[in-house]
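Geometric and topological summary
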Amino acid sequence: MPEFIPPFKFKKVERSIRGFLFNGKSFERYSLGLNHSPVDEEFSSQYIAFPAFHNYHAHPLDLPLMGKKIPPSVERAVAPGVSLKARFLKTADGDTLRGAARSFIFEAIRRGVLGGWLFAEEGMKGTEAIRGALKDVTSIFRGTPLVSCLNFEIYSRPLGGDEREWDNLLNISSGFGLSALRDDDEGICERLAEFARRRGKGVIIHFGEAGREDVERLLRLRPKAVVHLIHSSTEEIEKIKVAGIDAVFTPRANRFFKLRPPVVKAIALDLKWHLGSDNAMLTPPDILAEIREAACIAGGEIEATSRSIQAGVGEERGVYAVFRLPVNVRSPFTTPTIINHLEFLGYSVEGEGLLIIQNSPLP
C-alpha cells in the first residue's frame, strides 16, 4: 500500500477545562482534561462532553458511491445481488475498498466515534480491506493516547457455502454480519450461525428492513443483535427482547428510503437498542446526528433524548468526546435542541489531557 496523509491531526493540550459531561441520564458539571472529576460549584461553559460514541452498524466499503444517484428503494440501492452497491463491491479492487474504509474510519474519529461494528461484504476481499484500513489508522495514532481507545470490530459476510472460507473469515473478524433472511437463497443462515457459535464468534443479522420476516426463524439463529426491525410488530419486538437480542437502528439512512425505525416501541418495551449510520454512501459516520434523529422520532423530550444518547455511546471508559457550543450555558437541557449546535473539538483522555483537532484552538 502507498503511504497516505491523514486528513487531520490531533495536538495534545496538557490542561483542564470545565464543562458538562453526560453521565448516562443527564449532564453534570465536570473538569475535563488532566483532571477528571465532578465540580460542585455552578459555572457557565461552552464545553459539553459525552463518553466516546460507538457506531453499532456501518458499511464503510460503499463510500465511493457517495454523491452518485442512489435508487430510492432498499432492493435497488443496497440489497445483495444486482443493486447499485452490490455491483460496485463486486468489481472494486481491494485497494479501492481499503481506501474507502480508511477514509470512513478517519471521518468517524473526527466526529467523536472511537469504535463500532464494521460490516464487510464480498467475503475475504471486503474483510481484508477493512482489516487493512484499521491497521493503517492504528499506525497513524500509535504513540498517542487514542490508540488504546480504538475499538472497531469487523463482521464479515461469506460469499457462499464453503466452510473453509467461513473459517478463514472468522480468523480475522469478530463474527458474521448477515444480510436479511429473505436474501438467504442458499438456506445457509442456520449453518453459518452454528458455525460461528462453535468458534465463539457473534452473528448480527439485518431483519425487517424491506418487509416482514420470520421472527421464529430469527430466534432459532440466536444472533447477538439485529438491525432495523422496521416492519416488525410490537409482539415480534417483545419476543426479540425476551430472547436477550440487542437491536440497532439507523434513523438517517432509513429516512432516505422513507422508512422509520421503531424507536418509540423500543423505549416503551425497554428493549436494549443502539444506533448506527448504515451505508457510507448514504450517511456519514456521525452518531451525534443519529442521536438527534432518534430523539426527534421519539418526541424530543428529555427522557427520549437521554435514551438516544445512551444508544450512541460505547462501553469504553475514561475517554470522552468534547464538543463546543457557540455560547456559554449554565445548565444544558438533554434535548435535541442542544445537540443541534454542537461543534466537535476533540477528546479528553483520563490522565493524558485534551487531544484537540489541529488548528482548532481552545478559546
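Scroll up to find the structure.
Report on the accompanying structure. From a predicted model like this one, the values you see are computed outputs, not experimental measurements.

**Some thoughts on the sheet that holds strand β15 (residues 319–329)**
Ordered by their spatial adjacency, 8 strands build an open sheet running β1-β17-β16-β15-β5-β2-β3-β4, and the pairing between neighbours is mixed. Of all the strands in the sheet, just β1 (10–13) and β4 (37–38) have a single pairing partner and so form its edges. Pairing of strand β2 (residues 16–22) with strand β3 (residues 27–33), which is carried by 7 bridges, proceeds in the antiparallel orientation. Bridging across to β3, F20 finds its partner in R29.

**Considering the layout of surface pockets**
Estimates place the volume of the largest pocket at around 870 Å³. Looking at the lining of the largest pocket, the elements that each hand over two or more residues are α1 (74–77), α2 (84–91), α6 (189–198) and β14 (278–279). By residue number, the principal contributor to the lining of the largest pocket is α2, which donates 4 residues. A per-class count over the lining of the largest pocket returns 14 nonpolar, 8 polar and 14 charged. Reported here for the second largest pocket is a volume of approximately 320 Å³. Along the wall of the second largest pocket there are 20 residues; nearest its centre are Q310, V313, G314, E315 and R317. Going through the elements one at a time, β2, β13 (273–275), α12 (302–312) and β15 are the ones with two or more residues in the lining of the second largest pocket. A per-element tally of the lining of the second largest pocket places α12 first, with 3 residues.

**Describing helix α8 (residues 234–242)**
Residues of α8 that are buried: E236, I237 and I240. Each buried residue of α8 lies within a common arc of 100° when the element is viewed along its axis, so the set occupies one face. Away from the buried face of α8 by more than 90 degrees, exposed residues E235 and V242 are located. One or two steps after α8, the chain reaches G244, where phi turns positive at roughly 75°.

**Section: the pattern of salt bridges**
What the rule picks out here adds up to 25 salt bridges. Where R98 meets D136, a salt bridge forms, and the shortest distance between an N and an O atom there is 2.8 Å. One end of the pair, R98, is in helix α3 (residues 94–109); the other, D136, is in helix α4 (residues 123–141), with 38 residues separating them in the sequence. Considered together, R98 and D136 belong to a single accessibility category, that of buried residues.

**As for the side chain of S306**
Turning to its location among the elements, S306 is positioned in helix α12. Residue S306 is classed as buried on the basis of its relative accessible area of 7%. Beyond its immediate chain neighbours, meaning those up to four positions away, S306 contacts F22, G24, K25 and T334.

**A closer look at helix α11 (residues 287–297)**
For α11, the tally of buried residues reaches 9 of 11 residues, placing the bulk of the element in the interior. Looking at where α11 begins, the residue whose side-chain oxygen comes 3.3 Å from the main-chain nitrogen of L288 is D286. Residue G299 follows α11 closely and has a positive phi angle near 110°.

**Structural notes on a negative patch on the surface**
Residues E75, D183, D185 and E186 make up a contiguous surface patch of negative charge. With respect to the helices and strands, E75 occurs in helix α1.

**Side note on unusual backbone geometry**
We note that R222 has phi near 50°; this positive angle belongs to a residue other than glycine. As for its placement among the helices and strands, R222 is situated in the loop between α7 (215–221) and β11 (225–228). Despite not being glycine, D270 has its phi angle at roughly 60°, a positive value. Structurally, D270 is set in the loop between α10 (263–269) and β13.

**Structural notes on the packing of aromatic side chains**
Taken as a whole and judged by the stated rule, the model has 20 aromatic pairs. Their ring planes at 75° and their centres at 5.7 Å tell us that F27 and F50 sit as a pair that is edge-to-face. A residue pair is termed long-range when its members are at least 10 positions apart, and F27 in strand β3 and F50 in strand β5 (residues 45–51) qualify at 23 residues. Summarising the burial analysis for this pair, F27 and F50 share the class buried. Between F50 and F53, the ring centres sit 5.4 Å apart and the planes meet at 40°, which makes this aromatic pair tilted.

**Brief notes about the pairing of strand β16 (residues 343–349)**
The two faces of a sheet get side chains in turn, since along a regular strand they alternate between them. When you tally the buried positions in β16, you get 6 out of 7 residues, the bulk of the element. As paired strands, β15 and β16 are joined by 6 bridges and run antiparallel to one another. Bridge assignment links V319 to a residue of β16, and that residue is V349. Two elements, β16 and strand β17 (residues 353–357), share 4 bridges in a ladder whose sense is antiparallel. Paired with G346 across the bridge in β17 is I356. Hairpin geometry of β16 and β17 is characterised by an intervening segment of 3 residues between the two adjacent antiparallel strands and by a positive phi of about 80° at G351.

What counts as what
Throughout, a residue's number is its position along its own chain's written sequence, starting from 1. It should be noted that, the model being predicted, local features are given only for residues of pLDDT at least 70 and side-chain atom pairs only at 80 or more, the latter also being counted only at that level, while totals for whole chains, interfaces and linings use all residues. Each side-chain value is worked out from all heavy atoms of the structure, with water and hydrogens disregarded. Two strands make a pair as long as DSSP finds a minimum of two bridges between them. Note on conventions: DSSP H or I runs of at least 4 residues are helices, E runs of at least 2 residues are strands, and numbering of each starts at the N terminus. Space inside and on the surface of the protein is sampled on a 1 Å grid over the protein atoms alone, with a cavity defined as a set of points where a 1.4 Å probe fits but cannot get out and a pocket as an open set with protein on both sides within 12 Å along at least 5 of 7 lines; lining residues have an atom within 4 Å of a point. Grid points are joined across faces, edges and corners, and a volume is the space filled by probe spheres set on the points. Basically, the charged four are Asp, Glu, Lys and Arg, the nonpolar ten are Ala, Val, Leu, Ile, Met, Phe, Trp, Tyr, Cys and Pro, and anything else, Gly included, counts as polar. Classification of residues uses two cut-offs on accessible area relative to the type maximum, computed with a 1.4 Å probe and protein chains only: under 20% is buried, over 50% is exposed, and between them is partly exposed. Taken from the helix axis, the directions to the C-beta atoms give the arc we talk about. We define a salt bridge as a contact between a side-chain nitrogen of Lys or Arg and a carboxyl oxygen of Asp or Glu at a distance within 4 Å. It only takes one pair of heavy atoms within 4.5 Å for two residues to be counted as in contact. In protein, a polar contact means a hydrogen-donor-capable atom and an acceptor-capable atom, both N or O and within 3.5 Å, with residues adjacent in sequence counting only if both atoms are side-chain atoms; elsewhere, any N or O pair within 3.5 Å suffices. Only residues whose relative accessible area exceeds 30% and that form no salt bridge enter a patch; like-charged residues are grouped when within 9 Å of one another, and nonpolar side chains (Val, Leu, Ile, Met, Phe, Trp, Tyr) when within 5 Å. Surface accessibility in these figures is a Shrake-Rupley result with a 1.4 Å probe; residues are shielded only by whichever protein chains are displayed. When charges are counted, neither His nor the chain ends are considered; positive counts come from Lys and Arg and negative counts from Asp and Glu. To locate a charge, take atom NZ for lysine, CZ for arginine, CG for aspartate or CD for glutamate. A pair of aromatic rings is counted whenever rings of Phe, Tyr or Trp (Trp by its six-membered ring) have centres within 6.5 Å, and the orientation is called stacked for planes under 30 degrees apart, edge-to-face for over 60 and tilted otherwise.

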